[in-house]
Amino acid sequence: QVQLAESGGGVVQAGGSLRLSCAASPRTFIGYTMGWFRQAPGKEREFVAAITRSGSKTDCADYLKGRFTISGDNAKNTVYLQMNSLKSEDTAVYYCAADQIMGTMRASTAYHYWGQGTQVTVSS
C-alpha cells in the first residue's frame with residue numbers, strides 16, 4: 001500500500017517562502033510520478049507541479065513557473081515543493097499524489113494515491 005505524507009505547510013507572510021515535503025512509502029517506488037496539487041476554498045483542485053521518479057522530467061503550472069520548483073530525493077523517497085514569493089492567492093491545501101502516469105502529469109484523475117494535504121496560508 002502506497003502512503004504519502006506531506007509536511008511543511010504553515011502560515012507565511014506574502015513574499016515569503018515555504019518548502020513542502022512529501023515522504024512516500026514503501027521505499028520501493030520504481031516508476032512512479034509524483035505530483036503536487038492544491039485546492040483553495042470553493043475552487044477546484046488544480047495542478048501545481050510534478051516530477052518523474054528518475055527526476056528526468058519535471059512539469060510546473062505555467063503561472064507558477066519562476067516561483068515554484070519541484071525536486072526529489074530518491075534516497076529519502078521524498079519530493080519537495082519549494083515555493084517562493086508567495087502571494088495570498090497561493091493559500092490552499094496542498095496535496096501530494098503519486099502513480100504510474102502514462103499520459104499528462106497534470107491531470108489529477110491520473111493519480112491513484114494521495115496524501116492528506118497540508119495547509120498553506122499566505123497572509124497579506
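Residues numbered from 1 in each chain as written. Predicted model: local features only at pLDDT ≥ 70, side-chain atom pairs only at ≥ 80, totals over all residues. Heavy atoms only, no water.

Undergrad: I'm lost on the nonpolar core in this one. Help?
TA: One finds Leu 4, Trp 36, Phe 68, Leu 81, Met 83 and Tyr 94 to be the most contacted residues of the largest nonpolar core, which totals 37 residues. Looking at this core, the elements with two or more residues in it are β3 (18-25), β4 (33-39), β5 (46-52), β7 (68-73), β8 (78-83), β9 (92-99) and β11 (118-123). Dropping the residues within four chain positions of it, Tyr 94 is found in contact with Glu 6, Leu 20, Trp 36, Phe 37, Arg 38, Val 48, Phe 68, Leu 81, Met 83, Gly 117, Thr 118 and Val 120. (Core = buried A, V, L, I, M, F, W, Y, C linked by side-chain atoms within 4.5 Å. Buried < 20%, exposed > 50% of the residue type's maximum accessible area, 1.4 Å probe, protein only. Helix = DSSP H or I, 4+ residues; strand = E, 2+ residues; numbered from the N terminus. Contact = heavy atoms within 4.5 Å.)

Undergrad: Mind showing me how you'd approach the side chain of Asp 59 here?
TA: Its place among the elements puts Asp 59 in strand β6 (residues 58-60). Within polar-contact distance, the side chain of Asp 59 engages the side chain of Arg 106 at 2.6 Å. Once residues within four sequence positions are removed from consideration, Asp 59 is found in contact with Phe 47, Val 48, Ala 49, Ala 50, Ile 70, Met 105 and Arg 106. (Polar contact = N/O pair within 3.5 Å; in protein donor to acceptor, adjacent residues only side chain to side chain.)

Undergrad: Honestly, the state of the cysteines in this entry has me stumped. Any pointers?
TA: Here, the word disulfide means a covalent bond between the sulfur atoms of two cysteines. The final tally for this structure, using the stated rule, is one disulfide. Here Cys 60 is not cross-linked by a disulfide; its sulfur's nearest cysteine counterpart is in Cys 96, at 15 Å. For Cys 60, a relative accessible area of 10% gives the class buried. (Disulfide = S-S within 2.5 Å.)

Undergrad: Explain the pattern of salt bridges to me, please; I cannot follow it from the model alone.
TA: Evaluation of the coordinates by the stated rule reveals six salt bridges. Salt-bridge contacts for Arg 38 lead to Glu 46; the nearest nitrogen and oxygen are separated by 2.5 Å. In this structure, Asp 62 and Lys 65 form a salt bridge, with 3.3 Å as the shortest nitrogen-oxygen distance. By relative accessible area, Asp 62 is classed as exposed at 52%. Ionic contacts of the salt-bridge type, sharing partners, join the residues Arg 38, Glu 46, Arg 67 and Asp 90 into one network. (Salt bridge = Lys/Arg side-chain N within 4 Å of Asp/Glu carboxyl O.)

Undergrad: Is there a simple way to think about the packing of aromatic side chains in this case?
TA: The description of an aromatic ring pair rests on the distance of the ring centres and on the angle between the ring planes. Enumeration according to the criterion identifies six aromatic pairs in this entry. Summarising the aromatic geometry, the rings of Phe 37 and Trp 114 are spaced 5.2 Å apart at their centres and angled 55 degrees between planes, so their arrangement reads as tilted. In this pair, Phe 37 is assigned in strand β4 and Trp 114 in strand β10 (residues 113-114), connecting sequence segments 77 residues apart. Relative to Trp 114, the ring of Tyr 95 has its centre 6.4 Å away and its plane inclined at 80 degrees; by these criteria the two rings are edge-to-face. Placement of Tyr 95 in strand β9 and of Trp 114 in strand β10 is noted, with a sequence separation of 19 residues between them. Judged by its relative accessible area of 15%, Tyr 95 falls in the buried class. Its relative accessible area of 26% is what places Trp 114 among the partly exposed residues. Among the aromatic residues, those joined into a ring-pair cluster are Phe 37, Phe 47, Tyr 95, Tyr 111 and Trp 114. Over the aromatic face of Tyr 80 sits the side chain of Arg 19, whose NZ or CZ is 4.1 Å from the ring centroid. A cation over an aromatic ring shows up here: Arg 45 above the ring of Trp 114, its NZ or CZ 4.7 Å from the ring centre. (Phe/Tyr/Trp six-rings, centres within 6.5 Å; stacked < 30°, edge-to-face > 60°. Lys NZ or Arg CZ within 6 Å of the ring centre and 35° of its normal.)

Function-wise, these values are silent; they only describe arrangement.
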